[in-house]
Amino acid sequence: MEKIRVIITNNQKAVKIPTGVRMLIRRCCHAVLRMEKFEDSAEISVTFVDNEQIRELNAQYRDKDSATDVLSFPMGENGVYDVNHDTGAKILGDIVLSVEMAMEQAKRYGHSLEREIGYLTAHSMLHLLGYDHEKGGMERVRMREKEEYVMSQLGLPGTSSYTV
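Predicted model only: the values in this text are computed from it and were never measured.

Re the nonpolar core
- Core analysis: the biggest nonpolar cluster contains 41 residues, and Ile-25, Leu-33, Ile-44, Phe-48, Leu-92 and Met-125 have the highest contact counts within it.
- Elements supplying a minimum of two residues to this core: β1 (4-10), α1 (21-35), β2 (42-49), β5 (90-98), α3 (99-109), α4 (113-128) and α5 (137-153).
- The biggest single contributor to this core is α1, with 9 residues.
- With residues near it in sequence (within four places) discarded, Ile-44 still touches Ile-4, Arg-5, Val-6, Ile-7, Cys-29, Leu-33, Leu-92, Gly-93, Ile-95, Met-125 and Leu-128.

Here we look at α4
- Relative to the 22 Å expected for 16 residues at 1.5 Å per residue, α4 spans 22 Å between its end C-alpha atoms, a close match to the ideal helical length.
- Taken across its 16 residues, α4 has 15 buried, putting it largely inside the fold.
- Following α4 by one or two positions, Gly-130 adopts a phi angle in the positive range, close to 105°.

Regarding the packing of aromatic side chains
- Within the structure shown, the criterion is met by 2 aromatic pairs.
- A ring pair is formed by Phe-38 and Tyr-81, whose centres lie 6.0 Å apart and whose planes are at 75°; its orientation type is edge-to-face. Of this pair, Phe-38 sits in the loop between α1 and β2 while Tyr-81 is found in the loop between β3 (70-74) and β4 (82-83), placing the two residues 43 residues apart along the sequence. Across this residue pair, the class does not change: Phe-38 and Tyr-81 are buried.
- For the pair Tyr-61 and Phe-73, a centre-to-centre distance of 5.1 Å together with 70° between the ring planes defines the contact as edge-to-face. Remark: Phe-73 occurs in strand β3 and Tyr-61 occurs in helix α2 (residues 51-62); sequence separation between them is 12 residues.
- Relative accessible area serves as the criterion here: at 51%, Tyr-61 is assigned to the exposed category.
- We note Arg-108 situated over the ring of Tyr-109; from NZ or CZ to the ring centre the distance is 5.8 Å.

Comments concerning the pattern of salt bridges
- One pass over the structure, following the stated rule, counts 9 salt bridges.
- Between Arg-55 and Asp-65 there is a salt bridge, and its shortest N-O distance comes to 2.4 Å. Here Arg-55, found in helix α2, pairs with Asp-65, found in the loop between α2 and β3; they are 10 residues apart in sequence, far enough to count as distant.
- Under the relative-accessibility criterion, Asp-65 is labelled exposed at 57%.

Some remarks on the packing of α3 against α4
- At their nearest, the axes of α3 and α4 sit 8 Å apart, and the two run at 115° to each other. Taken as a pair, α3 and α4 cross one another with a handedness that is right-handed. Facing α3, whose interface residues are Val-99, Ala-102, Met-103, Gln-105, Ala-106 and Tyr-109, α4 presents Leu-113, Glu-116, Ile-117 and Leu-120.
- Partitioning the contact of α3 with α4 into residue classes produces 8 nonpolar, 1 polar and 1 charged.

Some words on the packing of α1 against α4
- Contact geometry of α1 with α4 gives a least axis separation of 9 Å together with a crossing angle of 40°. Crossing of α1 against α4: the hand is right-handed. For the pair α1 and α4, the contacting residues are Val-21, Leu-24, Ile-25, Cys-28, Cys-29, Val-32, Leu-33 and Met-35 in the first and Glu-114, Ile-117, Gly-118, Thr-121, Ala-122, Met-125 and Leu-126 in the second.
- Counted by class, the contact of α1 with α4 contains 12 nonpolar, 2 polar and 1 charged residues.

Overview of the UniProt feature "binding site: Zn(2+)" (unreviewed entry) in the protein chain
- As annotated in UniProt, the feature "binding site: Zn(2+)" (unreviewed entry) corresponds to His-123, His-127 and His-133 in the numbering used here.
- One can find His-123 in helix α4.
- The class for His-123 is buried, based on a relative accessible area of 13%.
- Leaving out residues up to four positions away in the same chain, His-123 has contacts with Val-70, His-133, Met-143 and Glu-147.

Thresholds applied
Per chain, the residues get numbers from 1 upward, laid out in the order the sequence is written. Given that the model is predicted, a residue must reach a pLDDT of at least 70 before its local features are reported, and side-chain atom pairs must reach 80 or more before they are shown or counted; all residues, however, enter totals for whole chains, interfaces and linings. No hydrogens and no water enter the side-chain calculation; it runs on all heavy atoms of the structure. Throughout this description, the term nonpolar core refers to a set of buried Ala, Val, Leu, Ile, Met, Phe, Trp, Tyr and Cys residues connected via side-chain atoms within 4.5 Å. Burial classes follow relative accessibility: with a 1.4 Å probe on protein chains only, a residue under 20% of its type's maximum area counts as buried, one over 50% as exposed, and anything between as partly exposed. Only DSSP runs of H or I reaching four residues or more are called helices, and only runs of E reaching two or more are called strands; each is numbered from the N terminus. Residue contacts are defined here by distance: any two heavy atoms, one from each residue, within 4.5 Å place the two residues in contact. Expected helix span is computed as 1.5 Å times (number of residues minus one). Between the rings of Phe, Tyr and Trp (Trp by its six-membered ring), a pair exists once the centres lie within 6.5 Å; its type follows the angle of the planes, with under 30 degrees stacked, over 60 edge-to-face, and the other angles tilted. The criterion for a charge sitting over a ring is simple: Lys NZ or Arg CZ within 6 Å of the ring centre, and within 35 degrees of the ring normal. By convention in these notes, a salt bridge is any Lys or Arg side-chain nitrogen within 4 Å of a carboxyl oxygen on Asp or Glu. The axes are straight lines fitted to the C-alpha atoms, using for helices just the contacting stretch, and the angles between their N-to-C directions are given from 0 to 180°. Here a crossing is called left-handed whenever its near helix is offset anticlockwise from the far helix by less than a right angle, and right-handed whenever the offset is clockwise. Amino acid classes used here: Ala, Val, Leu, Ile, Met, Phe, Trp, Tyr, Cys and Pro are nonpolar; Asp, Glu, Lys and Arg are charged; the rest, including Gly, are polar. UniProt positions are given in the numbering used here, feature names are shortened, and annotations may be inferred rather than shown by experiment.

Next comes the structure, spelled out in structure tokens:
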């Protein structure tokens with residue numbers, strides 16, 4: 001496999017980022033790219049924000065004035081990506097994750113913050129690769145199966161209480 005660069009930035013103070021979460025996110029990005037047989041070098045940016053910051057982005061880019069768990073900003077379309085001319089890596093895009101919301105959801109679903117962040121990263125990575133669940137139907141089911149496959153690869157399988 002080629003070189004995968006995951007740039008992680010913490011822009012929030014609401015939640016202390018547990019040890020190991022950054023490595024988990026990197027492993028998660030690798031697992032999705034492996035599953036999707038993505039052979040090229042890639043660059044992904046992950047930014048941690050709080051609920052207020054993600055609410056502002058959600059309002060600005062999706063016309064939804066509410067906090068959400070994760071936003072994906074794909075840089076490619078139909079498998080064509082911008083390239084970092086210094087490294088030759090394909091720039092897949094940006095993942096913006098509300099750690100505050102991830103914490104709330106982990107509590108609600110009865111699993112660890114690590115499991116929640118891993119799941120949201122896998123979900124967002126699939127968006128960066130062109131998947132879209134907004135249309136519903138089979139695409140949504142396929143995305144869900146792929147997310148759960150990655151989670152089991154990382155040793156973070158879902159709980160039966162967690163449904164679509």
